[in-house]
Amino acid sequence: GRLTAQKGVDVLLKALTLLAATGETGFQTLLLGSGEKYFEEHLKDMACNEYSDGQLCFLQGYDPALATKIYAAGDFFLIPSLYEPCGLTDYIAQLFGNLPVAHRVGGLVKIIDGETGFTYQEHQPEALAAAMQQALHLHREERGRITDMQRAAVENIRAHHSWQHVMEEYLALYQKAL
């Protein structure tokens, strides 16, 4: 997506550095996007740095077909946004079985922590890193729980956020207004 501070890329970069410093291994991060030159250059440097040891791949630019494949291939989808008015990427990720790890803000508050994804309150690298570690721990130690969360995420979207459901809420509002 967009590599900007609004999307939390600054927090993500620091969280990845914190995880590397703690010796957290056995995971890979793929970033696809473009935006502020500072973030692009920093991601290039991080991906080429020996400490990343193949754990970080940065694909500069944007390709919708590739983005769809990334949604489908991932286990977790990082959404460290400073603010997020609507939040559609979490839905897309969840429908592909890719659980969001997100800052609990704006349109992302619909993610139920520990049930349909992972959330954190403070917009700080330490908070994101802790949420990532929680997700990784469950992925390694409790695969059945991850599968249950993936199912719950899709069921939650279908039950509460489908177009049919939204349409019924709008119709009820319009009826009340009449």
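Before any of the text, the structure's been laid out above.
A side chain of one charge can pair with a side chain of the opposite charge when the charged atoms of the two come close. Taken as a whole, this structure holds 6 salt bridges when the rule is applied. Where Lys110 meets Asp90, a salt bridge forms, and the shortest distance between an N and an O atom there is 3.2 Å. With Lys110 in the loop between strand E5 (99-103) and strand E6 (118-120) and Asp90 in helix H4 (residues 89-95), this pair connects stretches of sequence that are 20 residues apart. Each member of the pair Lys110 and Asp90 is classed as buried. With a closest N to O distance of 3.9 Å, Arg151 and Asp148 form a salt bridge. Of this pair, Arg151 and Asp148 both sit in helix H6 (residues 143-160), 3 residues apart, which is roughly one turn of that helix.

To continue, consider the sheet that holds E5. The strand order E4-E5-E6 describes an open sheet built from 3 strands, whose pairing is parallel. In the strand order of this sheet, the two ends are held by strand E4 (76-79) and E6, each with one partner. For this sheet, the mean inter-axis angle between neighbouring strands, taken without regard to orientation, is 10°. Relative to E6, E5 runs parallel, the two being bridged by 3 bridges. Directly across from Val101, in E6, lies its bridge partner Phe118. Its contacts with the sheet place helix H5 (residues 125-141) against E4, E5 and E6, and it is angled at close to 160° to E6.

Core analysis: the largest hydrophobic core is formed by 31 residues, its most contacted members being Val101, Phe118 and Leu128. Looking at this core, the elements with two or more residues in it are helix H1 (9-21), helix H2 (37-48), strand E3 (56-60), E5, E6, H5 and H6. Counting residues per element, this core draws most heavily on H5, which supplies 8 residues. Core analysis: the second largest hydrophobic core is formed by 8 residues, Tyr71, Ala93, Ala102 and Val105 among them.

What follows is about H5. Here H5 spans 24 Å end to end across 17 residues, near enough to the 24 Å set by a 1.5 Å rise per residue. The set of residues buried in H5 consists of Pro125, Ala127, Leu128, Ala129, Ala131, Met132, Ala135, Leu136 and Leu138. Summarising the contacts, the buried residues of H5 are in contact with H1, E4, E5, E6 and H6.

Mapping Leu128 onto the fold places it in helix H5. A relative accessible area of 0% places Leu128 in the buried class. Those residues in contact with Leu128 that sit more than four places away from it in its chain are Val11, Leu12, Ala15, Pro80, Val101 and Tyr120.

Calculation notes
- Residues numbered from 1 in each chain as written.
- Predicted model: local features only at pLDDT ≥ 70, side-chain atom pairs only at ≥ 80, totals over all residues.
- Heavy atoms only, no water.
- Salt bridge = Lys/Arg side-chain N within 4 Å of Asp/Glu carboxyl O.
- Helix = DSSP H or I, 4+ residues; strand = E, 2+ residues; numbered from the N terminus.
- Buried < 20%, exposed > 50% of the residue type's maximum accessible area, 1.4 Å probe, protein only.
- Pairing = 2+ DSSP bridges.
- Axes fitted to C-alpha atoms, helices over the stretch in contact; angles between N-to-C directions.
- Contact = heavy atoms within 4.5 Å.
- Core = buried A, V, L, I, M, F, W, Y, C linked by side-chain atoms within 4.5 Å.
- Expected span 1.5 Å × (residues − 1).

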